[in-house]
Amino acid sequence: MTERIQKLLATAGIASRRAIEEMIAEGRISVNGRPAEIGQKIDHDDKVRVDGRMISLTRKSQPMRVILFRKKTGELVTRDDPDGRRTVFRKLPELESGRWIAVGRLDINTSGLLLMTTDGELARRLTHPSFEISRVYAVRVLGDLTDEIRKKLVTGVELDDGRAKAESIRSADPPDAEDAEGAANRWYEVTMREGRNRIVRRLFESQGLQVSRLIRIAYGPIELGRGIKAGGYREATPEELEALLEAVKLAAPEPEKKAPRKPRSLMAKTYRPNAGPRKPRRRP
């Protein structure tokens, strides 16, 4: 059975379908020694390479996994950095097949919740603008956020790459005691429905305000909470995974069916017609 190359590689956890299309256009993917084409149909017997690395297209689908990673400031959301800086991928658990895909990005100076998944289609839907998945941030602002400025940020302002707005902005308590100091700093909880590059910082900068600290505390129905240490992660619970799938209208994967047990043969025992109950044997 053949599948479109974008779908098969996304299912294998290589990247989202859109990212795979970009990789094909850049000539980074080959099929049986020839450059791949967008929409090309392949099967599990084809030899597919991504950046020269052979990809295992296993016939048995791997279970969908999602982990909640707590990114630290100074870490990069990239697989390889030419300058040798720390990346979030270096600490992730190893996979038998496929690879981890980051759901969106956080810049080097932003910390907090970063979702990782092995399913390319889930990653694509969670980041696609049409689904309008919410992102919630704890934002420390240096400057005076007046009611007028707050209204502008919620109504919408023009940035270099188009109009942008916050879904909501409300005052919030500092996340830890040391951030409670400093009269010039104020904390806010900001909800966004998009994930353009540095969008929160650029919104506040457009009004002459400086974001001195930025933490993502929720992505869609998933909240960061306090159970993950900085630079650590945990597996999403079945309830969290179900909530994510529901948010992007994606059907839950069917559980793997176990082979039915063979019934025990009725003739396994000696058949004695018209036999009555056995009498207990007497010991000599």
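Everything here concerns the structure above.
Here goes a summary of the coordinates provided. (Residues numbered from 1 in each chain as written. Predicted model: local features only at pLDDT ≥ 70, side-chain atom pairs only at ≥ 80, totals over all residues. Heavy atoms only, no water.)

Attention shifts here to the overall build of the chain. Helix and strand counts for the chain stand at six helices and 17 strands. In the chain, buried positions account for 38% of the 284 residues. Contacts spanning at least 24 positions in sequence make up 65% of the contacts within the chain whose residues lie at least 6 apart. (Helix = DSSP H or I, 4+ residues; strand = E, 2+ residues; numbered from the N terminus. Buried < 20%, exposed > 50% of the residue type's maximum accessible area, 1.4 Å probe, protein only. Contact = heavy atoms within 4.5 Å.)

Core analysis: the biggest nonpolar cluster contains 32 residues, and M116, V139 and F204 have the highest contact counts within it. It is helix 5 (residues 199-205) that provides the largest number of residues to this core, a total of four residues. Core analysis: the next-biggest nonpolar cluster, separate from the first, contains 21 residues, V103, L241, L244 and V248 among them. (Core = buried A, V, L, I, M, F, W, Y, C linked by side-chain atoms within 4.5 Å.)

A separate point is the side chain of T110. Take T110: it is sitting in the loop between strand 8 (101-102) and strand 9 (111-117). By relative accessible area, T110 is classed as buried at 2%. A distance of 2.9 Å separates a polar atom in the side chain of T110 from a polar atom in the side chain of D107. (Polar contact = N/O pair within 3.5 Å; in protein donor to acceptor, adjacent residues only side chain to side chain.)

A separate point is the pattern of salt bridges. If you walk through the whole model with that rule in mind, you get 19 salt bridges. For the salt bridge of R163 with E158, the shortest nitrogen-to-oxygen distance reads 3.4 Å. Take E158: its relative accessible area is 56%, and that puts it in the exposed class. One salt bridge connects R196 with E194, and the closest N-O pair in it is separated by 2.5 Å. When its relative accessible area of 23% is taken as the criterion, R196 is described as partly exposed. According to the relative accessible area criterion, E194 is partly exposed, its value standing at 21%. Connected through shared salt-bridge partners, R17, E121, R124 and R125 make up one network. (Salt bridge = Lys/Arg side-chain N within 4 Å of Asp/Glu carboxyl O.)

Turning our attention to the pairing of strand 7 (residues 66-71). Within strand 7, five of the six residues are buried, leaving the element largely enclosed by the surrounding structure. In this sheet, strand 9 lies alongside strand 7 in antiparallel orientation, the contact comprising six bridges. By the bridge assignment, V66 is partnered in strand 9 with T117. Bridge count between strand 7 and strand 17 (residues 233-235): three bridges; the pairing is antiparallel. What sits directly across from F69, in strand 17, is Y233. (Pairing = 2+ DSSP bridges.)

A few words now on the packing of aromatic side chains. In this structure the tally under the stated criterion is zero aromatic pairs. The ring of F89 carries the charged tip of R79 above its face, separated from the ring centre by 4.4 Å. (Phe/Tyr/Trp six-rings, centres within 6.5 Å; stacked < 30°, edge-to-face > 60°. Lys NZ or Arg CZ within 6 Å of the ring centre and 35° of its normal.)

Below, the discussion takes up the pairing of strand 9. Taken across its seven residues, strand 9 has seven buried, putting it largely inside the fold. Where strand 8 meets strand 9, two bridges bridge the pair, whose relative direction is antiparallel. The partner of I101 across the bridge, within strand 9, is T117. Sheet topology note: the strand 9/strand 15 (residues 210-219) ladder contains two bridges and is parallel. In the strand pairing of strand 15, S111 is matched with I215.

By themselves, these figures tell us nothing about what the structure is for.
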